[in-house]
Amino acid sequence: MTLALRGTFFISIILIFYLSLIPASELEFLNALSFIRDKILHGVIFFYISILGMFCNFKIKYYIFMVIIFSFGLTIEVAHYFHPYRYFEWADLLANSFGIILARLIYYSLQK
């Protein structure tokens, strides 16, 4: 089961990275998103990869894992800064952080 979760986790990371680098115009469903919906989507995506990664039981401390996931989001935002069809947003990083923290709180409550 852990192997399947880890495979899903890494495939999800690759897919999220890929989708974050293609021009937004190619993602028709994103063009209609408002600012609030976009931030909710960021939170949900980072909640998903965080909670999935926590259930993978990687042999690292939870706070290090959270920093790694946040760094993944930061890497995407830095790439957006240099991307001609995307742009860097601090609000995206905040939404990503909210998703990561919410995942940690839910995971912790389920472990009790």
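Computed from a predicted structure; not experimentally measured.

> Lay out the overall build of the protein chain in plain terms, naming residues and giving numbers.
A tally of regular secondary structure across the protein chain gives 5 helices and 0 strands. Considering only C-alpha atoms, the protein chain reaches an extent of 45 × 25 × 25 Å along its principal axes. Counting the 112 residues in the protein chain, one finds 37% classified as buried. In the protein chain, the proportion of contacts linking residues at least 24 apart, taken out of those at least 6 apart, comes to 74%. With the model as given, the accessible surface of the protein chain reaches about 7400 Å², and the carbon-plus-sulfur share is 74%. Within the protein chain, the 6 negative side-chain charges are centred at a point lying 21 Å from the centre of the 8 positive side-chain charges.

> So, the packing of aromatic side chains: which residues are in play, and what are the values?
We describe a pair of aromatic rings using the distance from one ring centre to the other and the angle between the two ring planes. Counting across every chain of the model gives 11 aromatic pairs. Plain terms: the ring middles of tyrosine 62 and tyrosine 63 are 5.6 Å apart, the flat faces sit at 85° to each other, and that makes the pair edge-to-face. Each member of the aromatic cluster is reached from another via a ring pair, and the members are Phe9, Phe10, Phe58 and Phe65. Looking at arginine 104, its charged tip hangs above the ring of tyrosine 62, at a distance of 3.7 Å from the centre.

> Describe helix α5 (residues 90-111), with residues and values.
An ideal rise of 1.5 Å per residue puts 32 Å on 22 residues; α5 measures up with 32 Å between its terminal C-alpha atoms. Taken together, the buried residues of α5 touch α3 (35-55) and α4 (62-82).

> Could you give an account of the side chain of glutamate 77, with specific residues and numbers?
In this fold, glutamate 77 is placed in helix α4. No salt bridge is formed by the buried glutamate 77; the nearest opposite charge belongs to lysine 39, separated by 7.2 Å. Dropping the residues within four chain positions of it, glutamate 77 is found in contact with His42, Tyr87, Phe88, Glu89, Asp92 and Leu93.

> Would you mind going over the nonpolar core in detail, with residue names and values included?
By size, the foremost hydrophobic cluster in this structure holds 17 residues, and its most contacted members are Phe9, Phe46, Ile49, Met54, Ile69 and Phe72. When contributions to this core are tallied by element, the ones reaching two or more residues are α1 (2-21), α3, α4 and α5. If near-sequence neighbours (up to four positions away) are discounted, methionine 54 is found in contact with Phe65, Met66, Ile100, Ala103, Arg104 and Tyr107.

> Residues and numbers for the side chain of asparagine 96, please.
Along the chain, asparagine 96 falls in helix α5. When its relative accessible area of 1% is taken as the criterion, asparagine 96 is described as buried. Residues within four places of asparagine 96 in sequence aside, it is in contact with His42, Phe46 and Gly73.

> Any chance you could break down the pattern of salt bridges for me, citing the residues and the numbers?
One pass over the full model with this rule turns up 3 salt bridges. Lysine 39 is the salt-bridge partner of glutamate 89, the closest N and O atoms lying 3.1 Å from each other. One end of the pair, glutamate 89, is in the loop between α4 and α5; the other, lysine 39, is in helix α3, and 50 residues separate them in sequence. For lysine 39, a relative accessible area of 12% corresponds to the buried category. A salt bridge links lysine 39 to aspartate 92; the shortest N-O distance between them is 2.4 Å. With a gap of 53 residues between them, lysine 39 in helix α3 and aspartate 92 in helix α5 connect regions that are remote in the sequence. Considered together, lysine 39 and aspartate 92 belong to a single accessibility category, that of buried residues.

Each value, and the rule that gives it
- Residues numbered from 1 in each chain as written.
- Predicted model: local features only at pLDDT ≥ 70, side-chain atom pairs only at ≥ 80, totals over all residues.
- Heavy atoms only, no water.
- Helix = DSSP H or I, 4+ residues; strand = E, 2+ residues; numbered from the N terminus.
- Buried < 20%, exposed > 50% of the residue type's maximum accessible area, 1.4 Å probe, protein only.
- Contact = heavy atoms within 4.5 Å.
- Areas by Shrake-Rupley, 256 points an atom, 1.4 Å probe, with all protein chains shown as cover.
- Lys, Arg positive; Asp, Glu negative; His and termini not counted.
- Charge placed at Lys NZ, Arg CZ, Asp CG, Glu CD.
- Phe/Tyr/Trp six-rings, centres within 6.5 Å; stacked < 30°, edge-to-face > 60°.
- Lys NZ or Arg CZ within 6 Å of the ring centre and 35° of its normal.
- Expected span 1.5 Å × (residues − 1).
- Salt bridge = Lys/Arg side-chain N within 4 Å of Asp/Glu carboxyl O.
- Core = buried A, V, L, I, M, F, W, Y, C linked by side-chain atoms within 4.5 Å.

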